[in-house]
Structures are given as structure tokens and as C-alpha cells.
Amino acid sequence: MTEPDSAASVPVDAAAYREAMSRLASAVHLITTDGPGGRAGFTASAVCSVSDAPPTLLVCVNRASSAFAALTRNGTLCVSTLGAGHETVAALFGGRTPMDERFAAGTWRRLRSEAPALTDALVSFDCRIVGRHAVGSHDVLYCAVEALAATGQADALLYSERRFRTLARAPRGGSDLAEPTRSARAVGVRPAEGPALTLRSA
Ligand SMILES: NC(=O)c1ccc[n+]([C@@H]2O[C@H](COP(=O)([O-])OP(=O)(O)OC[C@H]3O[C@@H](n4cnc5c(N)ncnc54)[C@H](O)[C@@H]3O)[C@@H](O)[C@H]2O)c1
Ligand SMILES: Cc1cc2c(cc1C)N(C[C@H](O)[C@H](O)[C@H](O)COP(=O)(O)O)c1[nH]c(=O)[nH]c(=O)c1N2
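Note that the structure is predicted; figures quoted are calculated from it, not measured. What you see as residue numbers is a count from 1 along each chain, following the sequence as written. Following the order in which they are written, the chains are lettered starting with A and the ligands numbered starting with 1. Per-residue local features of the predicted model are confined to residues with pLDDT of at least 70, and side-chain atom pairs are confined, for both listing and counting, to 80 or more; whole-chain, interface and lining totals are unaffected and use all residues. Hydrogens and water are ignored here; the side-chain numbers use all heavy atoms of the structure.

## Here we look at the overall build of the protein chain
The way it works is that DSSP assigns letters per residue, a run of H or I at least four long becomes a helix, a run of E at least two long becomes a strand, and they are numbered from the N terminus. Along the protein chain, the regular secondary structure elements total four helices and 14 strands. Each residue gets one of three labels from its accessible area relative to the maximum for its type: buried under 20%, exposed over 50%, partly exposed in between, using a 1.4 Å probe on protein chains only. Counting all 202 residues of the protein chain, 39% fall into the buried class. A contact between two residues is defined here by any heavy atoms of the two lying within 4.5 Å. Summarising the internal contacts of the protein chain: among those between residues at least 6 apart in sequence, 62% fall at separations of at least 24. For the protein chain, the exposed surface amounts to about 11100 Å²; the carbon and sulfur share of it is 55%. Each accessible area value is a Shrake-Rupley result obtained with a 1.4 Å probe; residue values ignore everything except the protein chains displayed when judging cover.

## Examining the pattern of salt bridges
Just to be clear on terms, a salt bridge is a Lys or Arg side-chain nitrogen sitting within 4 Å of an Asp or Glu carboxyl oxygen. Applying the stated criterion across every chain yields a total of seven salt bridges. In this structure, Glu19 and Arg162 form a salt bridge, with 3.0 Å as the shortest nitrogen-oxygen distance. You can see Glu19 sitting in helix α1 (residues 14–21) and its partner Arg162 sitting in the loop between β11 (156–160) and β12 (163–167), a full 143 residues away along the chain. When its relative accessible area of 35% is taken as the criterion, Glu19 is described as partly exposed. In this structure Arg162 comes out as partly exposed when scored by relative accessible area, which is 49%. One salt bridge connects Arg128 with Glu146, and the closest N-O pair in it is separated by 2.7 Å. Remark: Glu146 occurs in strand β10 (residues 138–149) and Arg128 occurs in strand β9 (residues 123–135); sequence separation between them is 18 residues. For Arg128, a relative accessible area of 36% puts it in the partly exposed group. A relative accessible area of 11% places Glu146 in the buried class.

## As for the site of ligand 1
Nearness here has a simple test: a residue counts as near a molecule or strand if at least one of its heavy atoms is within 4 Å of that partner. Around ligand 1, the structure places Arg18, Met21, Ser22, Ser45, His138, Tyr159 and Arg162. N or O atoms closer than or at 3.5 Å make up a polar contact, with two conditions inside protein: a donor-capable atom paired with an acceptor-capable one, and, for residues adjacent in sequence, both atoms drawn from side chains. For ligand 1, an oxygen atom lies 2.7 Å from a polar atom in the side chain of Arg18. The side chain of His138 places a nitrogen or oxygen atom 2.7 Å from an oxygen atom of ligand 1. Think of a 1 Å grid over the protein atoms and nothing else: a 1.4 Å probe that fits but is trapped marks a cavity, an open set flanked by protein within 12 Å on at least five of seven lines marks a pocket, and residues with an atom within 4 Å of a point count as lining. If over half the atoms of a molecule are within 2 Å of the grid points of a cavity or pocket, the molecule is regarded as sitting in it. In this structure the site holding ligand 1 corresponds to the largest pocket. Only Asp, Glu, Lys and Arg are considered charged in this grouping, and only Ala, Val, Leu, Ile, Met, Phe, Trp, Tyr, Cys and Pro are considered nonpolar; every other residue, Gly among them, is considered polar. Residues of the shell around ligand 1, tallied by class, amount to two nonpolar, three polar and two charged.

## Thoughts on the site of ligand 2
Residues in contact with ligand 2 amount to 17 residues; listed here are only the nearest, Thr43, Asn62, Ser66, Arg96 and Arg102. Here an oxygen atom of ligand 2 sits 2.7 Å away from a polar atom, N or O, in the main chain of Asn62. A distance of 2.8 Å separates an oxygen atom of ligand 2 from a polar atom in the side chain of Arg102. Coverage of ligand 2 by the protein chains reaches 77% of its 630 Å² of free accessible surface. With respect to the detected pockets, ligand 2 is housed in the largest pocket.

## Looking at the environment of Thr56
For Thr56, the location among the structural elements is in strand β5 (residues 55–62). Once the C-alpha coordinates of Thr56 and Ala144 are considered, the two residues, 88 residues apart in sequence, prove to be 4.6 Å apart. Sequence-distant contacts of Thr56, defined by excluding residues within four places in its chain, comprise Ser49, Val50, Ser51, Cys143 and Val145.

## As for the environment of Thr72
Positionally, Thr72 belongs in helix α2 (residues 68–74). Within the structure, the side chain of Thr72 is placed 3.1 Å from the backbone oxygen of Ala69, a separation counted as a polar contact.

## Points about the side chain of Asp126
In this fold, Asp126 is placed in strand β9. His is not counted, nor are the chain ends; Lys and Arg add positive charge and Asp and Glu add negative charge. Although Asp126 is buried, it forms no salt bridge, and the closest oppositely charged side chain is Arg112 at an N-O distance of 6.1 Å. Polar contacts involving the side chain of Asp126 include one to the main-chain amide nitrogen of Ser113, which spans 2.6 Å. The contact partners of Asp126, leaving out residues within four places of it in the chain, are Leu77, Cys78, Leu111, Arg112, Ser113, Ala115, Ala144, Val145, Glu146 and Ala147.

## Comments concerning the sheet that holds β12
The three strands are arranged β1-β11-β12 in an open sheet whose pairing can be described as antiparallel. The sheet terminates laterally at β1 (26–27) and β12, the two strands that pair on one side only. For two strands to be treated as a pair, DSSP must find no fewer than two bridges joining them. As paired elements, β11 and β12 share five bridges and run antiparallel to each other. Note on β12: the bridge partner recorded for Leu157 is Thr166.

This is the structure in C-alpha cells:
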């Protein structure tokens, strides 16, 4: 073991942590919900796969977010993963914009729950919130994925160094999702009502 390099390290206050986190490149998603608690949504980078059996992801949401009450009341949400061309909707859902204006910037459909799924998202995960854990300013929402769909063909949208960037898609044939001519493919998620869980790539 070597001694800690005090010259190379900085105290970990919130500002230093954010500066460090700004160097990561993250996918960008819209988290949306609708139901008795109302329609709401926000932009999120803190989304992560937890398990494939059962399919589960997590979303970290600031409890001060205007969408927080609706999310917890409705108990369902949709994660719509954004692509190139979604920069404007990502900025609108990023805060301080009335909900109606946020939703007016996109076109939406429903999968299994009432949560709006962005029609041209790269992929949408329709989820039921099955657990919740408070950590600091945020709640970690554990979300069972009950339906999913993919129609968007755009390059991926990333957020890095406080800017949106894009990542070019893999060459055709690199994955099922990258193949635009393939017909709808069913995937192993518990069936919803009808075909909402198919991955549509054409
Ligand atoms: N996880 C989050 O809650 C999160 C993530 C990204 C951005 N934001 C918010 O969006 C706005 C713009 O952010 P930015 O990336 O341009 O600059 P920034 O300096 O505020 O944030 C840099 C990075 O730090 C992390 N971060 C920021 N705020 C956080 C928070 N409250 N809790 C946990 N992690 C946080 C994120 O990874 C972010 O990309 C800010 O208000 C920021 O708080 C929040
Ligand atoms: C690129 C990017 C990524 C994230 C965010 C912003 C941006 C621009 N924000 C912040 C979040 O979108 C915003 O604070 C909420 O919409 C709250 O704002 P309102 O209270 O609705 O005005 C955010 N907030 C959060 O709780 N979890 C997250 O993972 C993220 N990620």
C-alpha cells in the first residue's frame, strides 16, 4: 500500500462531487407518470439496471422535484431513453418548466400503465414502483419493468461535461435493436395487455 496522495485528492464536498460526476457520460431518460397523482415528468441520468430476473431498474429522484409527489402517489412510471434530436425535450423536462409545456414538446403513447411513453424514444420501460429507499436528498425507486417498447432509430443521447452529446449507433447487425428491417420481436418480460412488450425495430 502506498500513502494517500494528498496533493492529488480534494475534500469531498457537494461541489467537488458534482464536478467529478460531471466527467461521467450518462444516458439521458425522461421519467414520466400519470394517474390519480397527476401527470408529471423529469429528465434523469441516474437510472440503472438492477436485475433481469425479475426485470428491475432503479431511478434516483430528488425529493424536491416537482414530479416527486405524483410519482409516489401513482406508483408507476415510464423510463423513455432519449436519442439525438431529443435535446429540447430533455432540457424542458430538466426543470423549471410547467408540466403542460414539457409534455407539449413530445408525442406520447401508453404501454401498460398510465405513464406516458415518448413515442420515438430509443426504448421505453413501463414500470411499477416496487420499493423505495431514501438516501440523502434523493429516493432510490426500485421499478419492476412490466412492458417495454423500442421504436427510435436515432443515435444515443448522452450527457457529459454538462452538455448533451450523441453517440453514433453500432453498424447494422450489431444488435437486434440496431437492425431496422427486422419485424417486431417479443422479449422476455412478463406479458402486458396486448403487444406492448414487443421491441419494434421497424
Ligand atoms: N442525479 C441528479 O439528481 C442530477 C443529475 C444530473 C443533473 N442534475 C441537476 O441538473 C442541473 C444541471 O446539472 P449539470 O450536470 O449541468 O451540473 P451540476 O454541476 O449540477 O452536476 C454535475 C453532475 O453531478 C451530479 N449531480 C448534480 N446534482 C446532483 C444531485 N442533486 N444529486 C446527485 N447527483 C447530482 C450529476 O451526475 C450531474 O451530471 C442541476 O440542477 C443538477 O442538480 C441532477
Ligand atoms: C441531464 C440531466 C439529468 C438529470 C437532471 C437534469 C438534467 C438536465 N435532473 C434534474 C431534474 O430533471 C430536475 O431537477 C427536475 O425536473 C426537477 O425540476 P422541477 O422541480 O420539476 O422544476 C435529475 N434529477 C433527479 O432527481 N435525478 C436525476 O437522475 C436527474 N438527472
